[in-house]
Amino acid sequence: MQYPGRLHSKLPQVGTTIFTEMSALAAEHGAVNLSQGFPDFDPDPALIEATQRAMRDGHNQYAPMAGWLPLRERIAEQVAKRHGCEVNPESEITITAGATQALCTAMAATLTEGDEVIIFTPAYDAYAPLIELFGATPVYIKLQYPDYHIDWDQLARMVSHKTKMILLNNPHNPTGAVFSEEDLIQLEKVVSGSNILILSDEVYEHIIFDGRKHHSLLSRPALAERTLAVFSFGKTFHMTGWKIGYAIAPENLMKEFRKVHQFNVFSVHRPSQVALAEFLQDDSHWDVGSMYAAKRDEFLSLIEGSRFTILPTHGSYFVLLNYDGITEEKDVDFARRLTIEHKLASIPVSVFYNVPTDHKVLRFCFAKNSETLQKGAEIIKSL
Ligand SMILES: Cc1ncc(COP(=O)(O)O)c(C=O)c1O
C-alpha cells in the first residue's frame, strides 16, 4: 500500500543504516557477525528467573510513570556509592525504555527551533537525527585521531549563544575512548557561567578496563546540576532486547523530562523493573567490567600477529582495528568485501561521521562468546 497524500519527511536524509545493511549482508553470506553492538550470550539466569517470578506474582499491569520505586532506590544507592552524588529516587530518576528513549525524551523536553547541540564525531548514529527531529541543529566536533581525545580549545571556540546542549558519550562508542577527570574539569570550564545543558550518554559506564575509573558527569556538582544523564540496563546486564534503562537529572529538569515521558511511553515493562530491583539487592551484580575485560583480552590475544593495527580500547565493548597495512580500499568497501568474501562482518567507522572521514578503521564488537570470537579472529589473522 502507499499513502496517496504528499509526505513531508521530518528526516529526509535518514535511510537504512549501515548497521541494518551489514547485518543483512552477514546473514546472507553466513558471516561471523562482529558488527552488531550487542552480546550473543544470555543474561544472568537469576535475572530471568526473577522476571518470571514477577509475572507469576501478578506484576503485570502498568508500573508507576517514573518507574518501580525500589529499582530507582537501588540506582540512587549505586550513584551515591560510585560517584558521591546524592540523587533523589522520587524526583530525579526515571526508568525508560532503554537509553534511546531517554535520549529522545531528554531532547524532546529541552530543544527548540534554532538551538544548537554540539556532538563529537565519530558519533552514535541516533544523536544527529534526534536533534534534527526536534528542530535543533547538530554542530560537529571531531575527536582527535588516533586516540580520539577531545580538543577542548576547539570546543570553547565552537560554543556560542545558540549552544543549548553539549552531548558527551563516555565510555565512547565506537572508539572505546574513556574520558578522564581532567576532561570533566575542562568541560566544567567551558560551560561555567552559561545555561548550557549537558546530555551525558553513559550506557557503557560499567564496561571499563585496565583499572580505569568511570568519571560520571554526576560526580562533579557543577556539571551534575546541568546534566541529563542516560544509562542502559540492556548494556550493563547483556539483555539489550529488554530495552530498559534510566535517566537521571536535577529535579526541575526531570519534571520537564517526565512531562514528555508520560505521553510517549507512560511507563516501562513492569516485570523487568521488579526483577532488576530484586537482582540489584546484591550490589556486586553491577560489576561486569572484569567479565568484559576478559573478553577484550581474549579477542586481542586471538588476533595477535594479524596485519591489522589495534587501536587501544579502554571501555565499551568495541575495538577499532586499522587496516592501513592490508589495503587502500575505503572502509565501507573493505567492510562489505570482508563480509562477502571472507565471511566476517564489522562496521566501517566513517559512517559515524557527518563529513567524509576515512582513517581506514573498522569497529569490531567483542561482546560475543568464545566460539564467535575464535571464528572471527581466525579470519582476521588470515588476511
Ligand atoms: C552510545 C550508545 N548510546 C545509547 C545506546 C542505546 O541503548 P539502549 O539499547 O538502552 O536503548 C547505544 C546502543 O548501542 C549506544 O551504543
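Up top is the structure.
Nothing here was measured: the structure is a model prediction, and the numbers come from that model.

A. Fine view of the nonpolar core. The biggest cluster of nonpolar side chains holds 91 residues, and the ones touching the most others in it are Tyr148, Leu155, Leu187, Leu199, Phe299, Tyr317 and Phe364. Looking at this core element by element, the count peaks at five residues for helix 4 (residues 98-110). Shared between two domains, this core holds at least three residues of each, these being domain 1 (18-43 + 287-382) and domain 2 (57-285). Counting 30 residues, the second largest nonpolar core, distinct from the first, contains Leu47, Leu71, Val87 and Phe237.

B. Looking closely at the packing of aromatic side chains. All told, the structure shown has 20 aromatic pairs when counted by the stated rule. Summarising the aromatic geometry, the rings of Phe233 and Phe237 are spaced 6.1 Å apart at their centres and angled 15 degrees between planes, so their arrangement reads as stacked. According to the relative accessible area criterion, Phe233 is buried, its value standing at 1%. With centroids separated by 5.4 Å and ring planes inclined at 75 degrees, the aromatic side chains of Tyr317 and Phe318 adopt a geometry described as edge-to-face. These aromatic residues form a ring-pair network of at least three members: Phe231, Phe233, Phe237, Tyr246, Phe279 and Trp286. The ring of Phe41 has Lys295 lying over it, and the distance from NZ or CZ to the ring centre is 4.9 Å. Taking NZ or CZ as reference, Arg363 lies 3.8 Å from the ring centre of Phe318, over its face.

C. Quick peek at empty space enclosed by the protein. One pass over the structure, following the stated rule, counts one cavity of 30 Å³ or more. Taken as a whole, the largest cavity encloses approximately 50 Å³ of empty space. Lining the largest cavity, in full, are Ile119, Phe120, Tyr127, Leu167, Leu168, Asn169, His172 and Phe179. Mapped by element, the contributors of at least two residues to the lining of the largest cavity are strand 3 (116-121) and strand 5 (163-169). For the lining of the largest cavity, the element with the most residues is strand 5, which contributes three residues. Per-class residue counts for the lining of the largest cavity are six nonpolar, two polar and no charged.

The rules we used
Residues numbered from 1 in each chain as written. Predicted model: local features only at pLDDT ≥ 70, side-chain atom pairs only at ≥ 80, totals over all residues. Heavy atoms only, no water. Core = buried A, V, L, I, M, F, W, Y, C linked by side-chain atoms within 4.5 Å. Buried < 20%, exposed > 50% of the residue type's maximum accessible area, 1.4 Å probe, protein only. Helix = DSSP H or I, 4+ residues; strand = E, 2+ residues; numbered from the N terminus. Domains from an automatic or database assignment. Phe/Tyr/Trp six-rings, centres within 6.5 Å; stacked < 30°, edge-to-face > 60°. Lys NZ or Arg CZ within 6 Å of the ring centre and 35° of its normal. 1 Å grid on protein atoms, 1.4 Å probe; cavity = no way out; pocket = protein on both sides within 12 Å on 5 of 7 lines; lining within 4 Å. Points joined across faces, edges and corners; volume = space filled by probe spheres on them. Nonpolar A, V, L, I, M, F, W, Y, C, P; charged D, E, K, R; others polar.

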